[in-house]
Amino acid sequence: GLPGFAVAVIDIDFADVMRWHEQEGALMTIVGCHKEVRVPFCVLQCRNGFLESITEKPVHDVTINTGLYLLEPSVLDLVPEGQPMAMNVLIDRVMDKGKVTVYLIRDGWLDIGQWAEYRQAIELIEGKK
């Protein structure tokens, strides 16, 4: 996708996200998706030029920011009028003021800025017709 822009398809119950957000008393809720990131190479952990460990094609379990946010209206007061602000900066500001929660989904999010996931999204949409 374009820098700073999320291009995605998401299958989610928005009412459930809203319930979660209200139940948790959050100023902001970020929808996160579990992903396994597979590194197709052998990874070396080094320190000062010496090998500490070696891992063959590791898999990392991570939570991806889907780019979907639920904000309380007061969050808008943290954005300077007429000035752009990166979302990570806004998230940091909100964390200083109150609770930021993550509504976690296990699947149902495809980053269609990635060619393989774009094809997957097309198949998913055509299958629902």
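In case you missed it, the structure is sitting above this.
Remember, predicted model here, so these are calculated numbers, not experimental data.

Structural notes on the side chain of T66
- Tracing the backbone through its elements, the reader meets T66 in strand β5 (residues 59-71).
- At a separation of 2.8 Å, a polar atom in the side chain of T66 contacts the main-chain carbonyl oxygen of V31.
- Engagement of the side chain of T66 in a polar contact is seen with the backbone nitrogen of L68, the distance being 3.3 Å.

Overview of the nonpolar core
- Grouped together as the largest cluster of nonpolar side chains are 7 residues: M28, I30, V75, L78, L90, I91 and V94.
- Going through the elements one at a time, β2 (28-38) and α2 (87-97) are the ones with two or more residues in this core.
- The greatest single-element share of this core, amounting to 3 residues, is contributed by α2.
- Among residues more than four places away in sequence, those in contact with L90 are M28, V75, L78, V79 and M85.
- Residues V17, V31, Y103 and I105 belong to the second largest nonpolar core, which totals 6 residues.

Re the pairing of strand β3 (residues 42-47)
- In terms of strand pairing, β3 meets strand β4 (residues 50-56) through 6 bridges, oriented antiparallel. Along β4, the bridge assignment pairs C42 with E56.
- Hairpin geometry of β3 and β4 is characterised by an intervening segment of 2 residues between the two adjacent antiparallel strands and by a positive phi of about 55° at N48.

Rules and cut-offs
- For every chain, the first residue of its written sequence is number 1, and the numbers climb from 1 along that sequence.
- Selection of residues for local features in this predicted model requires a pLDDT of at least 70, selection of side-chain atom pairs for listing and counting requires 80 or more, and totals for whole chains, interfaces and linings are taken over all residues.
- The side-chain quantities take in all heavy atoms of the structure and omit both hydrogens and water.
- Only DSSP runs of H or I with at least four residues qualify as helices, and only runs of E with at least two residues qualify as strands; both kinds are numbered from the N terminus onward.
- Polar contacts, as used here, are pairs of N or O atoms within 3.5 Å; protein pairs need one atom able to donate a hydrogen and one able to accept it. Residues neighboring in sequence count only if both atoms are side-chain atoms.
- Only buried Ala, Val, Leu, Ile, Met, Phe, Trp, Tyr and Cys residues count toward a nonpolar core, and they belong to the same one when joined by side-chain atoms within 4.5 Å.
- Accessible area is worked out with a 1.4 Å probe on protein chains only. A residue is then buried under 20% of its type maximum, exposed over 50%, and partly exposed in between.
- Note on contacts: a residue pair qualifies if any of its non-hydrogen atoms lie within 4.5 Å across the two residues.
- Note on pairing: two strands pair once DSSP finds at least 2 bridges between them.

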